Each structure stands twice: as structure tokens, then as C-alpha cells.
Amino acid sequence: MVTGLAALLLARDGRVDLHAPIARVAPGLDPAIGARTLDELLTHRGGLTNEAAGDGPHDDAARERRVRAWGAEHLLGPAGDVYSY
């Protein structure tokens, strides 16, 4: 909830576009992942598979490596088709 609130406040101030591809603020992602929007990701409609939160290290660098390694195989389908929490 805190992340969502922060994103909304940044959007209100014109600093983040919730409907722009996430690759705009997180370059280097696989194009299939980078095309998703912050709105889709925050509302769990991005079409991403559910990665087990308990696996592996959880420090910031490890999480970044994990997400940057994701590709099209981590998609359930088109954004907006499936709600997945």
C-alpha cells in the first residue's frame, strides 16, 4: 500500500506517468516486461506469474537481478486479462 500511495503522489505531482511503459523508469528490462505499466503492476493486472517471495536472497541487489532476468516466460498473458496477486 505504501508503494501504491507513493506512486499516486508522484503521479499527482507529474513526476510519474502511471500509464507509461515501466521500461521508461526501469530501463534494461526484457521488452515483454518493460511494456507493462505501473498502473497494471500496482493493480496486479500486469499478466506476470507469481514468483515465490520466499525463494533466494531478498536484498535490493538480489531482487533487481531477479526481475531483470525475467522474460516473456514470466507472463501469464496480455496485461489486463488476468488479476494475479
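See above for the structure.
Thresholds, definitions, all that
Residues numbered from 1 in each chain as written. Predicted model: local features only at pLDDT ≥ 70, side-chain atom pairs only at ≥ 80, totals over all residues. Heavy atoms only, no water. Helix = DSSP H or I, 4+ residues; strand = E, 2+ residues; numbered from the N terminus. Buried < 20%, exposed > 50% of the residue type's maximum accessible area, 1.4 Å probe, protein only. Core = buried A, V, L, I, M, F, W, Y, C linked by side-chain atoms within 4.5 Å. Contact = heavy atoms within 4.5 Å. Salt bridge = Lys/Arg side-chain N within 4 Å of Asp/Glu carboxyl O.

Trainee: I tried to follow the side chain of T37 on my own but got confused; where do I start?
Mentor: Position of T37 relative to the elements: it lies in the loop between α2 (31–34) and α3 (38–42). For T37, a relative accessible area of 9% puts it in the buried group.

Trainee: Which parts of the structure should I look at to understand the nonpolar core?
Mentor: Soluble globular proteins tend to pack their nonpolar side chains together in the buried interior. One finds A7, L18, I22, A26, L29, I33, L38, L48 and W70 forming the largest nonpolar core, which totals nine residues. Excluding anything up to four places from it in sequence, I33 contacts I22, L48, W70, G71 and L75.

Trainee: What is the right way to read the pattern of salt bridges from this model?
Mentor: Any two side chains of opposite charge can pair, on the condition that their charged atoms come close. Tallying each qualifying case throughout the model produces four salt bridges. The partner of D39 in a salt bridge is R45, with the nearest N and O atoms 2.5 Å apart. Between R68 and E64 there is a salt bridge; the shortest N-O distance is 2.9 Å. Of this pair, R68 and E64 are both found in helix α4 (residues 60–69), four residues apart, which corresponds to roughly one turn of the helix.

Trainee: Looking at this structure, I do not really get unusual backbone geometry. What am I missing?
Mentor: Leaving glycine out, the prevailing phi sign among residues is negative, and the prevailing peptide bond configuration is trans. Not every positive phi belongs to a glycine, and H44 is a case in point at roughly 60°. Note on placement: H44 falls in the loop between α3 and α4. Given the relative accessible area of 27%, H44 is considered partly exposed.

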